[in-house]
Amino acid sequence: MKTRSFLFLTGIIFLTIFAYRDCVKNNFVFDDHCFVEKNPHIKSLKNITRFFTTPLSTTASIKWKGIYRPLRTLSYALEYKLYKLNPDGYHLTNLLLHILNIILVFTFLNLLINEKKIAILATFLFALHPVQSEAVLWIGSRADLLLGFFELLAVITFLRFVKTGNRKYYWWSIVHFILALLSKETAITTPLIFAMLLFALNKKVDKKIVLLPFIIAIVYLPIRIYLMQGFAQREWWGGSFVTNFLTAIKLISHYIYLLIFPYHLSIDYGFKPAQSFFDPLVITSVLIISVLLWWSYKCRKSGQNMHWLGIAWFFILLAPCLNFIPITTITGDRFLYLSSLGLFLSSSSIIFSLKTNQIKTISFFLVFVLAITYVSTIRKRTREWNNDYTLFASVLKYNPNSWMSYQNLGTWYYQRKDYENAKKYFLKAKKIRGDDALTCKSLGLIYLETGKIDKAQKYFLKALLLNPRDIEMGNLVAITLELQKKYGIAEELYRRYLEIDPHNQNIKRNLYSLYSRLKKFRKNSSQTGQRLQ
C-alpha cells in the first residue's frame, strides 16, 4: 500500500506541475511591483533584521500599514540575490512551495487517518482545486504558501508528539508555529487546531502543553500591534459593527460557492458588504452554518471524526480572513488556500463512507472529471495572471464595475506612454468611485506628461485634499507650481514636506534643482525688476 500511495502522490505532483507549468513565464503583477520589483529593501541582505523590526518601512516600496509578514520579505530578499528582478525565479519558488505543501498535506492526512483512499482524494483536491491558483500564481501571495508550509509542519510534528510522546516533536511544533506567525498573522488560530486534534483523537496531555501555544499567540498580538501601529487594517465594512459582522457571515456562502463552482475566478468579485440580516447571502450563510454545525454534531456523536474535524478545520482557519476584524481586502481566493483542506477532508471522508459496491467506480469517475476540468481551469488562470493587462481585463469579463481593474489598466497604459487609453481607463475608474485620491493623482500625471499643467495641478490638489499627508502628492503639486514659475510657493511646499520626511530623495533633488533655477532667476530679476511669487 505504501508503494501505491507513493505512486498516487507522484501522479498528483506531476499533474500539478503540468497544470501550472506556464506560470514561470508570467510577469510581476499587481502588488508584486511594490513588494518585489520596486522594493529597495530586498536588494541587500543587510536589511534582514529590519524586516522583523521595521516592517512598516521595509515590506514594500511604499509604507504599507497593517502587514507583519517578515518571512515573506526575507524570501524575496533571498530570491533577489539569486534572480535579481527576473520574475521566473519567484514564480518557480511559489510552485515549489505548493508542491512541498502537497507532500505535507499527504503526510499529515496519513498520520491523522488510517484510510489511505481518503488521504489521496483530499490531497488531490488540495493540489489541483482551481481556487488555489491565486496563491500559487501571485508572487504577492507568498505569505499564504509560507503559512501553509509552516502550519502543516506544526500540525505534523504535533501529531507525532501526540502519537509517540516524544517531546522533541512538541518543541518542533512550537518552532513551526512561531515561523507560521512570522509568515502570516492568520496562523494565530493554530493553538485551536492543536486543541481540536487532541479532542478528535481523545488524547489527554499536560495542560501546560495545551496552554503554551495560546500564550505565544497572546504575546504575539501586542507585539504585532506595536510594530504595525494598529490592529484593524480599515474601518468597519458597511459602516458599523453590525454590518461588518453580517458581512463576515455573508462571506461563508461566497467561499462555499467558490469551492463547489471554481470556474469564474477573479481577483475582484465586486463583493458588497451586507446591509441587513435579510441580505439573501447572509440568510444562505446562516443556513449553511446551521447545517454544517448540525452535521458535525451528528458525526461526532456517531464517532465519524473526520467528517466534523474537516468542517472545524475549515471554519477555524478561515475565521481570521472573514473580516470580523476588518482587513483591507474583503474577499480573496488565497484565503481558502489552507482552510479549504478541511472541506476536502470532510467530503472525501463522506464519499468513502458510502455503503455501495460501486464506490470505486464513482470515485474514479469523479477524479477523472475533476482532473480534466481543474487542470484546464488552472491553465486558463495561469494565462490570465500573465501580466497586469491580462489579469485585470479578465476581471472585467465578470465584474464590469471593478474600480480596481480600470485603475490598474490605466496604469498599464500609462507606463507604456499610451496616455489616451490611460486617461480613458482612469476616467472610467473616476466614474465608479468619484474623486478617489489615487485616480486623481493618475489623471494629474497624465495631464502633467501632456503639458496641461493647470489641469494636472487641479487633480493633484484634489488628491492632496483627500490625503493631506501624502508626501509624493505634495511633491507633485510643488512641481506644477515650479512649472508655473511660482518659485516661492513651490520652495515653501518642498520645505514643508521635507520636514515631514527629511530623507525623501525626490524632494531633496527637486529642491536642489529649484535653488539652481532660483539662482539664475534672481540674477535676471535684479536686471528686469521681476519679483518672486
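What comes next concerns the included structure.

Rules used throughout
- What you see as residue numbers is a count from 1 along each chain, following the sequence as written.
- Reporting in this predicted model follows two pLDDT cut-offs: at least 70 for local features of residues, and 80 or more for side-chain atom pairs to be given and counted; totals over whole chains, interfaces and linings ignore these cut-offs and use all residues.
- As a rule here, side-chain values come from all non-hydrogen atoms in the structure, and water together with hydrogens is ignored.
- Here a helix means four or more residues in a row that DSSP labels H or I, a strand means two or more in a row labelled E, and each is numbered from the N terminus.
- Here the globule rule is a power law, 2.2 Å times the number of residues to the power 0.38, and the radius of gyration is based on C-alpha atoms.
- A 1.4 Å probe rolled over the protein chains alone gives each residue an accessible area, and that area as a share of the maximum for its type sets the label: buried under 20%, exposed over 50%, partly exposed in between.
- In short, Shrake-Rupley with a 1.4 Å probe defines the accessible areas, and a residue's cover is counted only from the protein chains shown.
- As used throughout, the charge tally considers Lys and Arg to be positive and Asp and Glu to be negative, leaving His and the chain termini uncounted.
- Here the site of a charge means atom NZ of a Lys, CZ of an Arg, CG of an Asp or CD of a Glu.
- In what follows, residue pairs with any heavy atoms lying within 4.5 Å of each other are defined as contacts.
- Basic side-chain nitrogens of Lys or Arg form a salt bridge, by our definition, when they fall within 4 Å of a carboxyl oxygen of Asp or Glu.
- A patch is a set of surface residues, each over 30% in relative accessible area and not in a salt bridge, joined within 9 Å for like charges and within 5 Å for the nonpolar side chains Val, Leu, Ile, Met, Phe, Trp and Tyr.
- Helix axes use the C-alpha atoms of the stretch in contact, all axes being lines fitted to C-alpha atoms, and the angles between their N-to-C directions lie in the range 0 to 180 degrees.
- Roughly parallel means an angle under 35 degrees; roughly antiparallel means over 145; roughly perpendicular covers 65 to 115; every other angle is labelled oblique.
- Helix crossings get a hand from a simple test, with the near helix turned counterclockwise from the far one by less than a right angle marking a left-handed crossing and a clockwise turn marking a right-handed one.
- Each residue receives one of three labels: charged for Asp, Glu, Lys and Arg, nonpolar for Ala, Val, Leu, Ile, Met, Phe, Trp, Tyr, Cys and Pro, and polar for the others, Gly being one of them.
- Only protein atoms enter the 1 Å grid used here. Points where a 1.4 Å probe fits but cannot escape make up a cavity, open sets with protein on both sides within 12 Å along at least five of seven lines make up a pocket, and a residue lines them when an atom lies within 4 Å of a point.
- Grid points are joined across faces, edges and corners, and a volume is the space filled by probe spheres set on the points.
- Helix span, as expected, comes to 1.5 Å for every residue beyond the first.

**Some details on the overall build of the protein chain**
Alright, step 1. Check the secondary structure of the protein chain and you find 25 helices and zero strands.
Alright, step 2. Compactness check: the protein chain gives a C-alpha radius of gyration of 27 Å against a globular reference of 24 Å for 533 residues, within 12% of the reference.
Alright, step 3. With respect to the principal axes defined by its C-alpha atoms, the protein chain has extents near 100 × 45 × 45 Å.
Alright, step 4. Taken across its 533 residues, the protein chain has 53% of its residues classed as buried.
Alright, step 5. Accessible area of the protein chain: about 25,700 Å², with a carbon and sulfur share of 62%.
Alright, step 6. Seen as two clouds, the 67 positive and the 31 negative side-chain charges of the protein chain have centres 6 Å apart.

**What to know about the side chain of threonine 186**
Alright, step 1. Structurally, the position occupied by threonine 186 is in the loop between helix 10 (167–183) and helix 11 (190–200).
Alright, step 2. Since its relative accessible area comes to 9%, threonine 186 is described here as buried.
Alright, step 3. The contact partners of threonine 186, leaving out residues within four places of it in the chain, are Leu147, Pro320 and Cys321.

**Some details on the pattern of salt bridges**
Alright, step 1. By the definition in use, this model includes 16 salt bridges.
Alright, step 2. Of the charged contacts in the structure, one is a salt bridge between lysine 380 and glutamate 384, with a shortest N-O distance of 2.9 Å. Of this pair, lysine 380 and glutamate 384 both sit in helix 17 (residues 359–384), four residues apart, which is roughly one turn of the helix.
Alright, step 3. Between aspartate 436 and arginine 433 there is a salt bridge whose closest N-O contact spans 3.4 Å.
Alright, step 4. A relative accessible area of 17% places aspartate 436 in the buried class.
Alright, step 5. Within this structure, Asp22, Lys25 and Arg379 form a network of salt bridges that share partners.

**Remarks on a nonpolar patch on the surface**
Alright, step 1. On the surface, a nonpolar cluster with roughly 570 Å² of combined accessible area is contributed by Trp236, Phe241, Val242, Phe245, Phe324 and Ile325.
Alright, step 2. Its place among the elements puts phenylalanine 324 in the loop between helix 15 (305–318) and helix 16 (340–353).

**Digging into the packing of helix 20 (residues 419–433) against helix 21 (residues 437–449)**
Alright, step 1. Contact geometry of helix 20 with helix 21 gives a least axis separation of 10 Å together with a crossing angle of 155°. The angle between helix 20 and helix 21 places the two elements in the roughly antiparallel class. Taken as a pair, helix 20 and helix 21 cross one another with a handedness that is left-handed. Here Tyr419, Ala422, Lys423, Phe426, Leu427, Ala429 and Lys430 of helix 20 lie close against helix 21, whose contacting residues are Thr439, Ser442, Leu443, Ile446, Tyr447 and Glu449.
Alright, step 2. Looking at the contact of helix 20 with helix 21, its residues break down into eight nonpolar, two polar and three charged.

**A short note on unusual backbone geometry**
Alright, step 1. Of note, phenylalanine 30 is a non-glycine position whose phi angle comes to about 50°, a positive value.
Alright, step 2. Considering the arrangement of structural elements, one finds phenylalanine 30 in the loop between helix 1 (2–20) and helix 2 (32–37).
Alright, step 3. Of note in this structure, asparagine 323 is not a glycine but carries a positive phi near 75°.
Alright, step 4. Given the relative accessible area of 0%, asparagine 323 is considered buried.

**Observations concerning the environment of tyrosine 447**
Alright, step 1. Among the secondary structure elements, tyrosine 447 is positioned in helix 21.
Alright, step 2. Remark: the alpha-carbon pair of tyrosine 447 and tyrosine 459, spanning twelve residues in sequence, is separated by 9.0 Å.

**Considerations on empty space enclosed by the protein**
Alright, step 1. Summed over the entire model, instances satisfying the criterion amount to one cavity of 30 Å³ or more.
Alright, step 2. Put simply, the largest cavity is a space of about 110 Å³.
Alright, step 3. Leu147, Thr186, Leu317, Phe335 and Leu338 are, among the 14 residues lining the largest cavity, the residues nearest its centre.
Alright, step 4. Classifying every residue of the lining of the largest cavity gives seven nonpolar, three polar and four charged.

**Some details on helix 23 (residues 471–483)**
Alright, step 1. Helix length check: helix 23, at 13 residues, gives a terminal C-alpha distance of 19 Å against a target of 18 Å (1.5 Å per residue), a fit within 8%.
Alright, step 2. Burial within helix 23 is extensive, with ten of its 13 residues counted as buried.
Alright, step 3. Just downstream of helix 23 lies lysine 485, where phi reads positive at about 65°.

**Looking at the environment of isoleucine 432**
Alright, step 1. On the secondary structure map, isoleucine 432 appears in helix 20.
Alright, step 2. We classify isoleucine 432 as partly exposed; its relative accessible area is 35%.
Alright, step 3. The spatial distance from the C-alpha of isoleucine 432 to the C-alpha of asparagine 401 is 6.9 Å, given a sequence separation of 31 residues.
Alright, step 4. Excluding anything up to four places from it in sequence, isoleucine 432 contacts Asn401, Ser402, Trp403 and Tyr406.

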